[in-house]
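Working through the structure, step by step
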Amino acid sequence: MTTTQNKKEAEYMRLAIELSKKSIEEGGGPFGAVIVKDGVIVAAAANRVTRHNDPTAHAEVMAIREACQKLGTFDLSGCELYASCEPCPMCLAAMYWAHIDHYFYANDKDDAAKIGFDDAFIYKEMDKPQEKRDMPRTQILRDEALEAFRSWEEKTDKTEY
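In what follows, the accompanying structure is described. Counting starts from 1 at the beginning of each chain's written sequence and moves along it residue by residue. Residue-level local features of this predicted model are given only where pLDDT is at least 70; pairs of side-chain atoms are given and counted only at 80 or more, and the full residue set underlies all totals for whole chains, interfaces and linings. Here the side-chain values reflect all heavy atoms present in the structure, with hydrogen atoms and water set aside.

Before going further, it helps to spend a moment on unusual backbone geometry. A positive phi angle is found at Asp38, which is not glycine, with a value near 50 degrees. Numbering of helices and strands runs from the N terminus; a helix is a DSSP stretch of H or I covering at least four residues, while a strand is a stretch of E covering at least two. Note on placement: Asp38 falls in the loop between β1 (32–37) and β2 (40–46). Burial here depends on accessible area, computed with a 1.4 Å probe over protein chains only, as a share of the maximum for the residue type. Under 20% is buried, over 50% is exposed, and the range in between is partly exposed. Relative accessible area serves as the criterion here: at 69%, Asp38 is assigned to the exposed category. For His99, which is not a glycine, the phi torsion comes out positive at approximately 65 degrees. Structurally, the position occupied by His99 is in the loop between α4 (89–98) and β4 (102–107). According to the relative accessible area criterion, His99 is partly exposed, its value standing at 36%.

Written out as structure tokens, the structure reads:
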């Protein structure tokens, strides 16, 4: 890794950190994220959970949405994500679905837990067998829902992702 590359990575991370600070001033959570492709920033976003009344509006998800819109694709292969904090389970999953190539983070999950953003309960829930998880679950109308899956499977001109 070259010194220039290190400087660029630090620049992108500083922007993510600045977004996290600005988010606090605007009444949001202390998180920011930046997505870069080929050395160009394609998206920069802050946490918008409380501002949008949307529990999925984490900085990483907001940046992924913005990058996909700007690039006109749902596949962010070739992109890097810079997050002011280690991504939560939802954001990490979104990053995998988006095919982010690499991510960098500043604060870690333990730092986040110390200020009230603790995701440990989610990891514990995911490790439990489904029947022992805290959130009740009931499967209904599976046969009807399988019709859509059969249609998808048979479709010859689908866009796979």
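With that settled, the discussion passes to helix α3 (residues 59–71). The length a helix should cover is 1.5 Å for every residue beyond the first. Relative to the 18 Å expected for 13 residues at 1.5 Å per residue, α3 spans 18 Å between its end C-alpha atoms, a close match to the ideal helical length. Among the residues of α3, Ala59, Glu60, Val61, Met62, Ala63, Ile64, Ala67 and Cys68 are the ones counted as buried. Any two residues whose heavy atoms approach within 4.5 Å at even a single point are treated as in contact. In the core, the buried residues of α3 are packed alongside β1, β2, α2 (49–52), β3 (79–85) and α4. Note on α3: the residue one or two positions beyond its end, Gly72, has a positive phi of about 65 degrees.

Read across the sheet, four strands follow the order β2-β1-β3-β4 without closing on themselves; strand pairing throughout is mixed. Both edges of this open sheet fall to β2 and β4, since each of them pairs with a single strand only. Taking each pair of neighbouring strands and ignoring which way they run, the sheet shows an average axis angle of 15 degrees. Each pair of strands is called paired provided DSSP finds at least two bridges between the two strands. Sheet analysis places β1 next to β2, joined by six bridges and oriented antiparallel. Within the sheet, the bridge partner assigned to Ala33 lies in β2 and is Ala45. Only C-alpha atoms enter the line fits that serve as axes; for helices the fit covers just the stretch in contact. Angles between N-to-C directions range over 0 to 180 degrees.

In these notes, a set of buried Ala, Val, Leu, Ile, Met, Phe, Trp, Tyr and Cys residues joined through side-chain atoms within 4.5 Å is what counts as a nonpolar core. Of all hydrophobic cores here, the largest spans 22 residues; its most connected members are Ile35, Ala63, Ile64, Ala67, Leu76, Leu81 and Ile100. Those elements that place two or more of their residues in this core are β1, β2, α3, β3 and α4. For this core, the leading source of residues is α3, giving six residues. If near-sequence neighbours (up to four positions away) are discounted, Ile64 is found in contact with Ile35, Leu76, Leu81, Ala94, Met95 and Ala98. In this structure, Met13, Val36, Tyr82 and Phe104 belong to the second largest nonpolar core, which totals nine residues.

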